[in-house]
Amino acid sequence: MGFTIPTEFMYTKDHEWAQVEDNLVSVGITEYAQDALGEVVYVELPEEGQKVTQGEPFGVVESVKAVSDLYAPISGTVVEVNESVIESPGQVNDDPYGDGWLIRIEMDSEKELATLMPPSDYEKLIKK
Amino acid sequence: MDSLKRTPLYEEHIKANGRMVPFAGWEMPVQYRGVIEEHENVRKNVGLFDVSHMGEVFVSGPKALDSLQYLTTNDVSKLEPGQAQYSLLLNPNGGIVDDIIVYCIEKGVHYLVCVNASNTEKDYQWMVKNNKGAVIENQSDRWAQIAVQGPRAVELVAHVLGPKHQNTETFEFGTHQGPGGIWYVARTGYTGEDGYEIFLPNSDAPRFWQDLMNKGNSLGVQPIGLGARDTLRTEMKYSLYGNEITDETSPLEAGLGWVVKLQKGDFIGRAPLVALKESGVSRKLVGFKLLEKGIPRHGYPLVSEKGDSLGVVTSGTMSPTLKEAIGIGYVAAHLSSEGSRFFVQIRGRNLAASVVKTPFVKTKGE
């Protein structure tokens, strides 16, 4: 289908992306995920300061027809939440890797990064 | 796992980039361009729905009327040729086997019963088991069905089939002679908009669909998937089998008392309904809006402020027309009047909701 998979990000099997800058990790869902979900009409995200755990749900995105959990790509503390995506959930569809970002996490340990997928592996996953 | 069935319009869905999903044993399009766009197009222009997965059971012979009177809740004797009625099949406990539409082709002796796809085999077996001497045939595999819905539906069908069906009243139907046999063109629907549901032989379906698409281009026609079909009917608070109505729900709780004619004589499920009418229902189906951010979904609990159980959500969505979260659910009868407040439990949080008038959306077709 030719979905964009930015090469500078890491990915989860649950279709989140993670962009690492020093000890901060920005998180969103992939273009593939937003397409599969359809038009996003509601986003529920944690509060700043909340702890998240790698592989555990940290929020939800909902289309008119379905609810999907969001899974944390890394453990840590939420330091920033994209308030504008809560007001305009369609940003997740329009710009999943940009304005549609969801949260920024201050990670507990860089070790967990090793369990994330490089773009080439994620590409294989969605081609299955 | 049985392989999924395909309707005669499968190729049309693929051509239109339909996203195909399994539904009730069929491979059906859930969406083409997007649920919201499709929904809005039905409210504004016109949309085509492939509902060929729905079941067609014909009831005929000298005992057709007697059998249908016993099998269904509405009064079939009131139907003249060319008229249709919404009705129910009940079990002996007064629970709902299915919701159906009965079409009178020839008074007393020839009727078409349209049933839900997921229930076709169950309904057919049920009807045969409780038959009072009619000839009952499940012809679902021979019939396609296309719904044309929206404010421009009448104009579109006139472009393709001629003006004949423009004056058909709501819940009436006419016939059309197609290449593959007779068609039934009914002024019915599941969206709240004006329009038709058209039964036609499988072999005639692709050409008719293509004609509707081509001639409807200037009217803004679009194919509509199951996703928008669900949001459209939810905005009207129309029941969906498996959600609002099941073998365990009573028509009196579901707000379907208007299709139950207790005076017409005996029918399956009548006695428990007479008793329930006497004692009064303990829960009622209501439409509500969420007063806080979130979306109610099928199965979420309805609770009091303290968290005591009051009922359950049967359907919910973000209304594409209202841009508000709407829900349908069963709630304790004393909380069923407009303005009553309760809470929807969503992922452990209680979000306030208020009962509103339904349909949620006003349409010209309703």
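Residues numbered from 1 in each chain as written. Chains lettered and ligands numbered in written order. Predicted model: local features only at pLDDT ≥ 70, side-chain atom pairs only at ≥ 80, totals over all residues.

(A) Summary view of the overall build of chain B. A tally of regular secondary structure across chain B gives 8 helices and 19 strands. A globule of 366 residues ought to have a C-alpha radius of gyration of about 21 Å, and chain B, at 20 Å, matches this closely. Taking all 366 residues of chain B together, the buried fraction comes to 47%. Nonlocal contacts in chain B, meaning residues at least 24 apart in sequence, comprise 67% of its contacts between residues at least 6 apart. (Helix = DSSP H or I, 4+ residues; strand = E, 2+ residues; numbered from the N terminus. Rg over C-alpha atoms; globule rule 2.2 N^0.38 Å. Buried ≥ 20, exposed ≤ 12 C-beta atoms within 10 Å, placed from the backbone. Contact = placed C-beta atoms within 7 Å.)

(B) Highlighting the interface of chain A and chain B. Across the contact, 8 residues belong to chain A and 13 residues belong to chain B. Among the residues making up the side of chain A that touches chain B, the classes are represented as 4 nonpolar, 1 polar and 3 charged. (Nonpolar A, V, L, I, M, F, W, Y, C, P; charged D, E, K, R; others polar.)

(C) Region of interest: the environment of L226 of chain B. Residues and elements named next belong to chain B. Considering the arrangement of structural elements, one finds L226 in helix α7 (residues 226-235). C-alpha of L226 to C-alpha of F23: the two residues are 203 residues apart in sequence and 9.1 Å apart in space. Among all residues touching L226, those that are not within four sequence positions of it are F23, M28, P29 and V30.

(D) Representation of the domain arrangement of chain B. All names here are of chain B. Annotation of chain B at the domain level lists domain 1 (10-52 + 141-235) and domain 2 (282-356). Relative to domain 2, the C-alpha centre of domain 1 lies at a distance of 32 Å. At the junction of the two partners, domain 1 supplies 7 residues and domain 2 supplies 7 residues. Contributions of two or more residues to the side of domain 1 that touches domain 2 are made by α2 (35-44) and α7. Here the element with the most residues in the side of domain 1 that touches domain 2 is α2; it accounts for 4 residues. Among the residues making up the side of domain 1 that touches domain 2, the classes are represented as 1 nonpolar, 3 polar and 3 charged. (Domains from an automatic or database assignment.)

(E) Looking closely at the sheet that holds strand β9 (residues 143-149) of chain B. Residues and elements named next belong to chain B. The sheet built from 6 strands is open, its strands ordered β10-β11-β12-β9-β3-β13 with mixed pairing. Strand pairing shows two members of the sheet lacking a second neighbour, β10 (173-178) and β13 (222-223), which therefore form its edges. Of the strand pairs in this sheet, β10 and strand β11 (residues 181-186) are connected by 6 bridges, and their pairing is antiparallel. In the sheet register, G178 faces β11, and the bridge partner there is G181. (Pairing = 2+ DSSP bridges.)

(F) View of unusual backbone geometry. Residues and elements named next belong to chain B. The omega torsion of the bond from T358 to P359 falls at 0°, within 30 degrees of zero and hence cis. You can see P359 is positioned in the segment after β19 (349-356). The phi torsion at K237 lies on the positive side, around 55°, for a residue other than glycine. Its location among the elements puts K237 in the loop between α7 and α8 (270-279). Even without glycine at this site, K323 takes up a positive phi of about 60°. Along the chain, K323 turns up in the loop between β16 (309-318) and β17 (325-332).

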